[in-house]
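Chain by chain, the residues run as shown.
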Amino acid sequence: MNIEAFLNFFARVVTLLLVIPIHESAHALVAKWFGDDTAERAGRISLNPMDHFDPIGTIFMVLTGFGWAKPVPINPVRMKKYRAGISLTALAGPVSNILAAFVAALAYALILCTDAGMKASIDVAVTPLSCVKLLLTYLYQVNIGLAIFNMIPLPPLDGYNVLIYFTPAKVDRWFHKHQQEISITFFIVIIGLSYIPSRYNPLYYARNFVSGLLWDTVKWIPKLKWGY
């Protein structure tokens with residue numbers, strides 16, 4: 001493994017160690033705000049990655065950029081508002097990823113405002129600053145990828161729990177009745193998406209779209225310094 005491949009692998013692993021705890025802790029924290037402290041008592045409001053990792057989901061994230069963590073336990077009965085509590089608790093994870101991606105983009109833009117940051121953009125040598133920029137790039141891309149992936153409206157992903165805020169109770173009962181078939185469909189979809197080339201993969205198009213929107217919010221910052 002050459003130095004470039006090693007740095008990319010290292011940056012991806014560090015990114016997962018940072019991203020997953022933020023995503024899962026956001027779920028647990030919002031659940032607590034709605035009156036359900038089940039996740040908090042299970043130790044899921046934590047920045048320790050080992051409290052959140054799911055082995056299979058982590059492997060998918062390392063290999064494909066999409067994946068999942070160990071589900072956060074919630075008890076909707078304890079929530080002040082049942083449907084709103086479930087949906088906003090689910091939505092908190094992807095929102096935390098989008099916010100983290102924005103912070104990474106902002107930090108990257110600010111680095112480009114410095115002479116050292118601009119030099120690192122054209123310098124082929126590996127420097128501490130170029131490593132920081134690589135890590136910020138992964139933080140940006142993986143956070144967006146995780147947010148997009150988790151908004152797929154299939155259980156057990158967050159998108160499904162966001163969707164049920166707008167669906168009638170009979171839809172919930174249908175999903176509950178067909179859990180086994182839906183779980184099989186879920187894994188078929190995930191495996192299929194991981195093999196579809198980028199140019200045909202809707203998740204990559206969605207990630208690129210959101211990535212472009214977020215970068216548009218900060219790309220003007222280096223122009224203040226360099227005028228390009």
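These figures come from a predicted structure and were not determined experimentally.

Reading the values: the criteria
Residues numbered from 1 in each chain as written. Predicted model: local features only at pLDDT ≥ 70, side-chain atom pairs only at ≥ 80, totals over all residues. Heavy atoms only, no water. pLDDT = per-residue confidence, 0-100. Helix = DSSP H or I, 4+ residues; strand = E, 2+ residues; numbered from the N terminus. Patch = residues over 30% accessible without salt bridge, like charges linked within 9 Å, V, L, I, M, F, W, Y side chains within 5 Å. Areas by Shrake-Rupley, 256 points an atom, 1.4 Å probe, with all protein chains shown as cover. Salt bridge = Lys/Arg side-chain N within 4 Å of Asp/Glu carboxyl O. Buried < 20%, exposed > 50% of the residue type's maximum accessible area, 1.4 Å probe, protein only. Expected span 1.5 Å × (residues − 1). Arc of directions from axis to C-beta. Core = buried A, V, L, I, M, F, W, Y, C linked by side-chain atoms within 4.5 Å. Contact = heavy atoms within 4.5 Å. Axes fitted to C-alpha atoms, helices over the stretch in contact; angles between N-to-C directions. Parallel < 35°, antiparallel > 145°, perpendicular 65-115°, else oblique. Left-handed = near helix turned anticlockwise from the far one by under 90°. Nonpolar A, V, L, I, M, F, W, Y, C, P; charged D, E, K, R; others polar.

A. Up close: the confidence of the model for the protein. Summary statistics for the protein give a mean pLDDT of 83 and a share of 90% for residues scoring 70 or more. Confidence, read as mean pLDDT per element, is least for helix H5 (residues 115–122) in the protein (60) and greatest for helix H4 (residues 82–112) (93).

B. Representation of a nonpolar patch on the surface within the structure. Judged by side-chain polarity, Ile-3, Phe-6, Phe-10 and Val-126 come together as a nonpolar surface patch covering roughly 400 Å² of accessible area. With respect to the helices, strands and loops of the structure, Ile-3 is situated in helix H1 (residues 3–33).

C. Fine view of the pattern of salt bridges. If you walk through the whole model with that rule in mind, you get five salt bridges. In this structure, Asp-37 and Arg-41 form a salt bridge, with 3.2 Å as the shortest nitrogen-oxygen distance. By relative accessible area, Arg-41 is classed as exposed at 56%. One salt-bridge network, held together by shared partners, links Asp-37, Arg-41 and Arg-78.

D. Region of the structure containing helix H10 (residues 202–216). If you check H10, its first and last C-alpha atoms are 21 Å apart, about what 15 residues at 1.5 Å a residue would give, namely 21 Å. Among the residues of H10, Leu-203, Tyr-204, Arg-207, Val-210, Ser-211 and Leu-214 are the ones counted as buried. The arc that holds the buried residues of H10, viewed along the axis, is 130°, so those residues lie on one side. Those residues of H10 that are exposed and aimed more than 90 degrees away from the buried face are Asn-208 and Phe-209.

E. Up close: the nonpolar core. One finds Tyr-140, Ile-144, Phe-149 and Ile-152 to be the most contacted residues of the largest nonpolar core, which totals 35 residues. Listed by contribution, the elements that provide at least two residues to this core are H1, helix H3 (55–64), H4, helix H6 (128–150), helix H9 (179–195) and H10. Those residues in contact with Tyr-140, other than ones at most four positions away along the chain, are Ala-101, Ala-104, Ala-105, Ser-211, Leu-214 and Trp-215. In terms of nonpolar packing, the next biggest core, distinct from the first, is built from 12 residues, Met-79, Ala-84, Ile-164 and Phe-175 among them.

F. How the structure looks around the packing of H4 against H10. It is the contact of H4 with H10, at a shortest axis distance of 9 Å, that shows an interaxial angle of 50°. When the axis of H4 is compared with that of H10, the two are oblique. When you trace H4 past H10, the crossing you get is right-handed. Residues Ile-98, Ala-101, Phe-102, Ala-105, Tyr-108, Ala-109 and Leu-112 of H4 pack against Val-210, Leu-214 and Trp-215 of H10. Among the residues making up the contact of H4 with H10, the classes are represented as 10 nonpolar, no polar and no charged.

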